[in-house]
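# What the coordinates show
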Amino acid sequence: MTKKSILQVNEVSLSFGGVKALKNVSFNSEEKSILAIIGPNGAGKSSLLNVINGVYKPQQGEIIFKNTVWKNVIPFQAAQSGISRTFQNIALFKGMSVLENILTGRSLKMRAGLLSQGFYFGACSREEIEHREVVEQIIDFLQIQHIRKTPVGRLPYGLQKRVELARALAAEPELLLLDEPMAGMNVEEKEDMSRFILDVNEEYGTSVVLIEHDMGVVMDISDKIVVLDYGQKIGEGTPNEIKNNQRVIDAYLGVSD
Amino acid sequence: MFYREAGQFKKSYKEDQAILPILQDKIGVVVILLIAFVAIPILASDYWLTAILIPFLVFSLAALGLNLLTGYAGQLSLGTAAFMAVGAFAAYNFELRLPYMPALVSFVLAGLTTAIVGIAFGIPSLRIRGFYLAVATLAAQFFIPWLLVKVGWFTNYSSSGVITTQPIEILGFVFDSPAKRYFLVLSIVAFLALVAKNLVRSNLGRAWMAVRDMDVAAEVIGIKIMRTKLIAFGVSSFYCGVAGALYAYAYLGSVEPDGFNLDLSFRILFMIIIGGIGSIMGSFLGAAFITLLPIFLDIVINEGAEILNLKLAAGVTSIMQLLVFGGLIIFFLIVEPLGLARLWQIAKEKLRLWPFPH
């Protein structure tokens, strides 16, 4: 039985002036699955992620998320309908503590008005505590209790990545986009991060689309892999299929002719 | 040894999220409020109240307003004095045209008027940022005083453009002595400072800081950038407007549009730079530094000259004062670019361990 797809990318093309970042890229991602996008540098992976949550506007093509067709989505709509993401270069709010950063991830769910917030009374103080409870669960889940009050600027790189994941999870997304969640980490940190991604996927049923360069990790955790090269999709399939795909091997290793 | 939170356990998130989670801070704030509300009105002379403390409080409020916009929401503004002018003249006109209105209501309405003007001048921030935005707010700084002079209605057709404020009256009670005016200003400033603190520790404040630190990430999380920035302009201008009204009513008594010039805007900007960008307390420290230091230097230089038996030529004192003042600003910015508030924070962290090394 085929599973329902949560995200479908249809014939998406994106160019910056003369540079074609994406050319007719299509794929779909099933509900509760982990999909990895791989490809050499400059293949258009991050651009693709940016198209999915509306940071870039594709010239052609459409995104179908949970059966809704989007032509020109803006990031706010994407966030509202349940997509959250992390960035390749950590995009945390440097001046805030870990706790505040993660709480920011819940801002869409906060309703208190200006006056209520000004007096910290009624809806506002109630909400702050409710959301704090959810955030604390995420903090427990990602094992970052010890740093909850630390300003994020003071944290080491690996923990910053983890805080960014926490912030994305705080929105209780249905689709999580991760842009190189393990870049620059050592083996142990990569193992931790892989475990968190698998746990998120299993426990919360969140679908994950991730970009990653570490092939070991990609092969281990993903259900499906999409390979991009020069803005075009050159392969799609399970890890095993990709391993034996001649075009993918050529793109990575070069062709001798 | 004394500033230590050991043994103070928090049993709920509510306790953990209190404004002052540490007992020593609570005691400190109570002491400061007691001094401000009880000791100073009893002990301070009229000169101290009118020439030093009231302006200090008024400037603190304006700096606080600017700090919400620049320090928390990251939008640079050079129009603070213009927004203060809007507040002052709005309050004047509300009092003039609706004479039975309590002063407090006029101040609030003046703040709201300024908020609307502020939002209008904040619209360019949706497209431009940083220095370019500062130049756009400069437009407000030149346009608003010009408009207030040009359209006679605002100044009630006063030929010189100078307005003399009505007595501050709330339901028959007239604030006619410096101590009463000080009390009124202090109450308003303390209340608005509390509101500001609440705003920055709740969702709106986090949204402001998110927009300031990384606007793309903020947008992706679902923060409406446009709305957040405009609310920042609105709230900030409200504070500046109330500060402007108090500047006219409680401090000077008569003001003219040209008094709210770029110089004043820069003074307030310096206050938040020296006090601490993105800190409520920094606004007060910065205002204290800029308003009190010149007076202090004046005394030191004059006394010093007397002790050393030097005869200073007229004007030398004021020039020396400017020199030292400028030097100190540069010194502070090099030593601690994040301002006095950061120095205080470092001191607190050190105090937590003192006198033990670990």
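Analysis parameters
Residues numbered from 1 in each chain as written. Chains lettered and ligands numbered in written order. Predicted model: local features only at pLDDT ≥ 70, side-chain atom pairs only at ≥ 80, totals over all residues. Heavy atoms only, no water. Helix = DSSP H or I, 4+ residues; strand = E, 2+ residues; numbered from the N terminus. Buried < 20%, exposed > 50% of the residue type's maximum accessible area, 1.4 Å probe, protein only. Lys, Arg positive; Asp, Glu negative; His and termini not counted. Charge placed at Lys NZ, Arg CZ, Asp CG, Glu CD. Domains from an automatic or database assignment. Contact = heavy atoms within 4.5 Å. Buried area = accessible area lost by both parts, 1.4 Å probe. Salt bridge = Lys/Arg side-chain N within 4 Å of Asp/Glu carboxyl O. Polar contact = N/O pair within 3.5 Å; in protein donor to acceptor, adjacent residues only side chain to side chain. 1 Å grid on protein atoms, 1.4 Å probe; cavity = no way out; pocket = protein on both sides within 12 Å on 5 of 7 lines; lining within 4 Å. Points joined across faces, edges and corners; volume = space filled by probe spheres on them. Phe/Tyr/Trp six-rings, centres within 6.5 Å; stacked < 30°, edge-to-face > 60°.

### Some words on the overall build of chain B
A tally of helices and strands in chain B yields 14 helices and 4 strands. Its C-alpha atoms give chain B principal-axis dimensions of roughly 70 × 65 × 45 Å. Among the 358 residues that make up chain B, the fraction classed as buried is 49%. In chain B, which carries 24 positive and 19 negative side-chain charges, the distance between the mean positions of the two groups comes to 9 Å.

### Here we look at unusual backbone geometry
Positive phi values are uncommon outside glycine, yet Glu 11 of chain A reaches one of about 50 degrees. What makes Glu 11 of chain A partly exposed here is its relative accessible area of 45%. For Tyr 157 of chain B, which is not glycine, the phi torsion reads 55 degrees and is therefore positive. Looking at the secondary structure, you find Tyr 157 of chain B in the loop between α6 (131-150) and β1 (163-164).

### Some thoughts on the domain arrangement of chain A
Residue and element names in this part refer to chain A. The assigned domain composition of chain A is domain 1 (1-82 + 175-257) and domain 2 (91-172). Taking only C-alpha atoms, the centre of domain 1 and the centre of domain 2 are 27 Å apart. At the interface, 20 residues of domain 1 touch 11 residues of domain 2. In total, domain 1 and domain 2 occlude about 1,200 Å² of area from one another, counting both sides; carbon and sulfur atoms represent 73% of this. Across the pair Arg 162 and Asp 192 runs a salt bridge, and its minimum N-O distance is 3.6 Å. Inspection of the region where domain 1 meets domain 2 yields 2 residue pairs in polar contact (both at pLDDT 80 or more).

### Side note on the interface of chain B and chain A
Accessible area lost upon the coming together of the parts serves often as the stated size of an interface. In this assembly, 32 residues from chain B lie in contact with 35 residues from chain A. Summing both partners gives a buried area of about 3,000 Å² for chain B against chain A, and 63% of it is carried by carbon and sulfur. It is Tyr 13, Arg 206 and Val 220 of chain B in chain B that bury the most area against chain A; as a group they hold 23% of the surface buried on that side. Counting the contacts that link chain B with chain A gives 4 salt bridges.

### Points about the environment of Asp 215 of chain B
Residues and elements named next belong to chain B. The topology assignment puts Asp 215 in helix α9 (residues 215-221). Considered as a pair, Asp 215 and Ile 225 are 10 residues apart in the sequence and their alpha carbons are 7.4 Å apart. Once residues lying within four places of it in the same chain are set aside, the contact partners of Asp 215 are Arg 129, Ala 210 and Ile 225. In terms of polar contacts, Asp 215 uses its side chain to reach the side chain of Arg 129, at 3.0 Å.

### Focus on helix α8 (residues 203-213) of chain B
Among the 11 residues in α8 of chain B, 9 count as buried, and that is most of the element. Residues Asn 203, Leu 204, Gly 205, Arg 206, Ala 207, Trp 208, Met 209, Ala 210 and Val 211 of chain B constitute the buried set of α8 of chain B.

### A few points about the side chain of Lys 161 of chain A
Residue and element names in this part refer to chain A. With respect to the element layout, Lys 161 can be found in helix α6 (residues 157-170). Buried charge without a partner: Lys 161 forms no salt bridge, and the closest opposite charge is Glu 164, 5.1 Å away. In this structure Lys 161 touches Phe 87, Gln 88, Ile 90, Asp 179, Glu 180, Pro 181, Ala 183, Met 185 and Met 193, once residues within four positions along its chain are discounted.

### A word on the environment of Leu 35 of chain A
All names here are of chain A. With respect to the helices, strands and loops of the structure, Leu 35 is situated in strand β3 (residues 34-38). Spatially, the C-alpha atoms of Leu 35 and Lys 224 are 4.9 Å apart, while their sequence positions differ by 189 residues. Residues in contact with Leu 35, not counting those within four places in the same chain, are Phe 27, Asn 28, Ser 29, Val 208, Val 209, Leu 210, Lys 224 and Val 226.

### Looking at the pattern of salt bridges
Across all of its chains, the model carries 21 salt bridges over all chains by this definition. Across the pair Arg 129 of chain B and Asp 215 of chain B runs a salt bridge, and its minimum N-O distance is 3.0 Å. Remark: Asp 215 of chain B occurs in helix α9 and Arg 129 of chain B occurs in the loop between α5 (103-122) and α6; sequence separation between them is 86 residues. The buried category is assigned to Asp 215 of chain B, whose relative accessible area is 18%. A single salt-bridge network, built from bridges that share partners, covers Arg 132, Glu 136, Arg 148 and Lys 149 of chain A together with Lys 10 and Asp 16 of chain B.

### Observations concerning empty space enclosed by the protein
Over the atoms rolls a probe the size of a water molecule, and in doing so it shows where empty space is left. Throughout the structure, instances matching the rule amount to 3 cavities of 30 Å³ or more. Considering only enclosed or pocket space, the largest cavity measures out at about 50 Å³ in volume. Every residue along the wall of the largest cavity is listed here: Ser 84, Arg 85, Gly 105, Arg 167, Ala 168 and Ala 171 of chain A together with Val 220 and Ile 221 of chain B. Those elements that place two or more of their residues in the lining of the largest cavity are β6 (83-86) and α6 of chain A together with α9 of chain B.

### Points about the packing of aromatic side chains
Centre-to-centre distance and the angle between the planes together describe a pair of aromatic rings. Tallied over the full model, the rule gives 17 aromatic pairs over all chains. Ring geometry for Phe 119 of chain A and Phe 191 of chain B: centres 5.8 Å apart, planes at 40 degrees, overall tilted. Note that Phe 119 of chain A is positioned in helix α4 (residues 114-119) and Phe 191 of chain B in helix α7 (residues 178-201), a pairing that runs across two chains. Arranged with centres 6.1 Å apart and planes meeting at 25 degrees, the rings of Phe 266 of chain B and Phe 270 of chain B form a pair that is stacked. Taken together, the residues Phe 266 of chain B and Phe 270 of chain B, both in helix α11 (residues 262-275) and 4 residues apart, mark about one turn of the helix. Residue Phe 266 of chain B is classed as partly exposed on the basis of its relative accessible area, which comes to 30%.

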